[in-house]
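# Inside the fold
For reference, the chains in residue letters:
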Amino acid sequence: MSDTLMFAFCLFDTGALLFLLVYYIITLSDLECDYLNAQQCCSNLNIWILPRIIAHLITVILLSFTGHWWIVLTSLPVSLWLIYEWFSVPKGNMGVYDPTEIYNRGQLKRHMRDCMIGLGYYLIMFFVYLYCMILSMLAGDPRQKEDPSMINDLNP
């Protein structure tokens, strides 16, 4: 796969994750303002946890197969955090977002903070992927290299 297509996929994937995190922030804000109840909010957010992890890991795996190690190293801490968050859900909880615990110990503020940090990370990575895609498009010259013999043929 060419670098241009790979970075275009990463750009699309990161854009989708940005929209997902904006949805998270809107839903958590609605919960904070009592527009949603905790059960409804947590069930809406927990649906998207696993697709978020999978989308991020696909990008990391794709970048590691193509040898873009600096980008993989910047993405690895986020991958590890998402996996840690998924596996650290206590038994009996509904998921990462649990309606019985979301108001306890500042969980709502912590989730909102994590979403904002993720939003900033994915926004930066969106522009990094855009920059890398443009560089990979400019690296290859679609025109044929000019042959010096063609210039001699034009001059009699």
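Note that the coordinates shown come from a computational prediction; the quantities given were computed from them, not determined experimentally. (Residues numbered from 1 in each chain as written. Predicted model: local features only at pLDDT ≥ 70, side-chain atom pairs only at ≥ 80, totals over all residues. Heavy atoms only, no water.)

A word on empty space enclosed by the protein. On inspection of all chains with the given rule, the structure shows one cavity of 30 Å³ or more. Together, Asp-13, Thr-14, Leu-17, His-56, Thr-59, Val-60, Ser-75, Tyr-121, Tyr-122, Met-125 and Tyr-129 line the largest cavity. When residues of the lining of the largest cavity are traced back to their parent elements, those giving at least two are α1 (3-32), α3 (49-66) and α5 (107-139). The biggest single contributor to the lining of the largest cavity is α5, with four residues. Here the residues of the lining of the largest cavity are counted per class, giving six nonpolar, four polar and one charged. (1 Å grid on protein atoms, 1.4 Å probe; cavity = no way out; pocket = protein on both sides within 12 Å on 5 of 7 lines; lining within 4 Å. Points joined across faces, edges and corners; volume = space filled by probe spheres on them. Helix = DSSP H or I, 4+ residues; strand = E, 2+ residues; numbered from the N terminus. Nonpolar A, V, L, I, M, F, W, Y, C, P; charged D, E, K, R; others polar.)

Okay, the side chain of Ser-79 next. Checked against the element boundaries, Ser-79 lands in helix α4 (residues 69-87). Relative accessible area serves as the criterion here: at 4%, Ser-79 is assigned to the buried category. Side-chain polar atoms of Ser-79 contact the side chain of His-56, separated by 3.0 Å. (Buried < 20%, exposed > 50% of the residue type's maximum accessible area, 1.4 Å probe, protein only. Polar contact = N/O pair within 3.5 Å; in protein donor to acceptor, adjacent residues only side chain to side chain.)

To continue, consider the UniProt feature "transmembrane region" (unreviewed entry) in the protein. With numbering matched to this structure, UniProt assigns "transmembrane region" (unreviewed entry) to residues 6-26, 69-87 and 119-140. Counting secondary structure, residues 6-26 comes out at 100% helix and 0% strand; the distance between its end C-alpha atoms is 30 Å. As annotated, residues 69-87 has a helix share of 100% and a strand share of 0%, and its two end C-alpha atoms lie 26 Å apart. (UniProt positions renumbered as here; feature names shortened; annotations may be inferred.)

Another aspect to go through is the packing of α1 against α3. Between α1 and α3, whose axes approach to 10 Å, the crossing angle comes to 155°. One element, α1, and the other, α3, form an angle in the roughly antiparallel class. Relative to α3, the crossing made by α1 is left-handed. Residues Met-6, Phe-7, Phe-9, Cys-10, Asp-13, Leu-17, Leu-20, Leu-21 and Tyr-24 of α1 pack against Ile-49, Arg-52, Ala-55, His-56, Ile-58, Thr-59, Leu-62, Leu-63 and Thr-66 of α3. For the contact of α1 with α3, the class distribution of residues is 13 nonpolar, three polar and two charged. (Axes fitted to C-alpha atoms, helices over the stretch in contact; angles between N-to-C directions. Parallel < 35°, antiparallel > 145°, perpendicular 65-115°, else oblique. Left-handed = near helix turned anticlockwise from the far one by under 90°. Contact = heavy atoms within 4.5 Å.)

Counting 39 residues, the largest nonpolar core has Leu-28 and Tyr-97 as its most contacted members. Looking at this core, the elements with two or more residues in it are α1, α2 (38-46), α3, α4 and α5. Element by element, the count of residues in this core is highest for α1, at twelve residues. With sequence-adjacent residues up to four places away left out, Tyr-97 is seen in contact with Tyr-24, Leu-28, Cys-42, Leu-45, Asn-46, Ile-49, Ile-102, His-111 and Cys-115. (Core = buried A, V, L, I, M, F, W, Y, C linked by side-chain atoms within 4.5 Å.)

Quick look at α2 now. Within α2, the full set of buried residues consists of Ala-38, Cys-41, Cys-42, Leu-45 and Asn-46. For α2, the buried positions fall inside an angular range of 120° around the axis, keeping them on one side. On the buried face of α2, the contacting elements are α1 and α3. (Arc of directions from axis to C-beta.)

Right, let's get into the pattern of salt bridges. Pairs can form between side chains of opposite charge once their charged atoms are near each other. Applying the stated criterion across every chain yields a total of three salt bridges. Across the pair Glu-32 and Lys-109 runs a salt bridge whose closest N-O atoms are separated by 2.6 Å. Remark: Lys-109 occurs in helix α5 and Glu-32 occurs in helix α1; sequence separation between them is 77 residues. For Asp-114, the salt bridge goes to Arg-113, with nearest N and O atoms at 3.0 Å. In this structure, a network of salt bridges that share partners links the residues Arg-110, Arg-113 and Asp-114. (Salt bridge = Lys/Arg side-chain N within 4 Å of Asp/Glu carboxyl O.)

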